[in-house]
Amino acid sequence: MKLKPVDLLTLVIWMIAVAIWAARLVGDAVSGRTGSAGVNITLAVVWLASLSGMLCRYWKSRKGKK
């Protein structure tokens, strides 16, 4: 299954969402407010991994245009 290319607007929106969720999850892990720290850190890593996937898709689509 080939993934569709990502445009710049989608990437910016995704970056904002990842920044908000990762900061929230790490903050919750540090303060111990909700859930276990391990789960919150794991979720933050998953969000950051999804961002790296989006960045790769964006860069590949930029290379294809040149």
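All values reported here derive from a predicted model rather than from experimental measurement.

Quick notes on the rules
- Residues numbered from 1 in each chain as written.
- Predicted model: local features only at pLDDT ≥ 70, side-chain atom pairs only at ≥ 80, totals over all residues.
- Heavy atoms only, no water.
- Helix = DSSP H or I, 4+ residues; strand = E, 2+ residues; numbered from the N terminus.
- Buried < 20%, exposed > 50% of the residue type's maximum accessible area, 1.4 Å probe, protein only.
- Contact = heavy atoms within 4.5 Å.
- Phe/Tyr/Trp six-rings, centres within 6.5 Å; stacked < 30°, edge-to-face > 60°.
- Patch = residues over 30% accessible without salt bridge, like charges linked within 9 Å, V, L, I, M, F, W, Y side chains within 5 Å.
- Areas by Shrake-Rupley, 256 points an atom, 1.4 Å probe, with all protein chains shown as cover.
- Salt bridge = Lys/Arg side-chain N within 4 Å of Asp/Glu carboxyl O.

### Section: the side chain of D28
Right, on to step 1. Following the sequence through the fold, D28 ends up in helix α1 (residues 8-31).
Right, on to step 2. A residue is classified by how much of its surface remains accessible, and D28, at 9% relative accessible area, is buried.
Right, on to step 3. Excluding residues within four positions of it along the chain, D28 makes contact with R33, T34 and N40.

### Section: the environment of R57
Right, on to step 1. Relative to the helices and strands, R57 is located in helix α2 (residues 37-65).
Right, on to step 2. The exposure class assigned to R57 is partly exposed, which follows from its relative accessible area of 27%.
Right, on to step 3. Placed 52 residues apart in sequence, R57 and P5 show a C-alpha to C-alpha distance of 5.7 Å.
Right, on to step 4. Other than its neighbours up to four places away in sequence, R57 contacts L3, K4 and V6.

### Notes on the packing of aromatic side chains
Right, on to step 1. According to the stated counting rule, one finds two aromatic pairs in the structure shown.
Right, on to step 2. A centroid spacing of 5.8 Å and a plane angle of 35 degrees characterise the contact between W14 and W47, whose relative ring orientation is tilted. Of this pair, W14 sits in helix α1 while W47 is found in helix α2, placing the two residues 33 residues apart along the sequence.
Right, on to step 3. Of the residues examined, W14 reaches a relative accessible area of 30% and is grouped as partly exposed.
Right, on to step 4. For W47, a relative accessible area of 24% gives the class partly exposed.
Right, on to step 5. Aromatic side chains W21 and W47 sit 6.0 Å apart centroid to centroid with 5 degrees between the ring planes, which places their arrangement in the stacked category. Pair noted here: W21 is in helix α1 and W47 is in helix α2, with a separation of 26 residues, a long-range link.
Right, on to step 6. Among the aromatic residues, ring-to-ring pairing joins W14, W21 and W47 into one connected group.

### A look at a nonpolar patch on the surface
Right, on to step 1. Taken together, the side chains of L8, V12, I16, I20 and W21 make up a nonpolar region of the molecular surface, amounting to roughly 460 Å² of accessible area.
Right, on to step 2. Tracing the backbone shows I16 in helix α1.

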